[in-house]
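Here are the chains, one letter per residue:
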Amino acid sequence: MIADPEFTFWGGLDWSILFAEGSLDICEPYGVLVNFHDVRIVGFDNLSSAEEV
């Protein structure tokens, strides 16, 4: 399960959803970011190795 979606609109047709919480290992500790162009998924970023700024 993944939860707590946060939407970011980058301008034009590019946008992302950050799922900050979830029961999958990929969600620890900062979540997973799914990137879109219009309605098409164009990639994702595993934030498990990210550093807090």
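The structure under discussion appears in the preceding block.
Bear in mind that the values here come from a model prediction, so they are computed numbers and not experimental data. Residue numbers run consecutively from 1 along every chain, following the written order of its sequence. A pLDDT threshold of at least 70 governs which residues receive local features in this predicted model, and a stricter bar of 80 or more applies before side-chain atom pairs are shown or counted, although totals over entire chains, interfaces and linings include all residues. Water and hydrogen atoms were dropped before computing side-chain values, which therefore reflect all heavy atoms in the structure.

## Regarding the overall build of the chain
Along its length, the chain carries 0 helices and 4 strands. In the chain, the order of α-helices and β-strands from amino to carboxyl end is β-β-β-β. If one aligns the C-alpha atoms of the chain with their principal axes, the spans along those axes are about 30 × 25 × 15 Å. The contact rule is simple, with two residues in contact once any of their heavy atoms fall within 4.5 Å. At a minimum sequence separation of 6, the contacts of the chain that also span at least 24 residues come to 5%. We get accessible surface area from the Shrake-Rupley algorithm with a probe of 1.4 Å; when it comes to residues, only the shown protein chains can shield them. When the accessible surface of the chain is split by element, carbon and sulfur atoms take 58% of a total near 4,000 Å². Secondary structure elements are defined from DSSP: runs of H or I of at least 4 residues count as helices, runs of E of at least 2 residues count as strands, and each element is numbered from the N terminus.

## Focus: the nonpolar core
The tendency in soluble globular proteins is for nonpolar side chains to be buried side by side. The term nonpolar core refers to a set of buried residues drawn from Ala, Val, Leu, Ile, Met, Phe, Trp, Tyr and Cys, joined through side-chain atoms within 4.5 Å. When a residue's accessible area, from a 1.4 Å probe over protein chains only, is under 20% of the maximum for its type it is buried; when over 50% it is exposed; and in between it is partly exposed. Counting residues in each nonpolar core, the largest one holds 6 residues, listed as W15, I17, F19, V32, V34 and F36. Counting only elements with at least two residues in this core, the list comes to β2 (14-22) and β3 (32-37).

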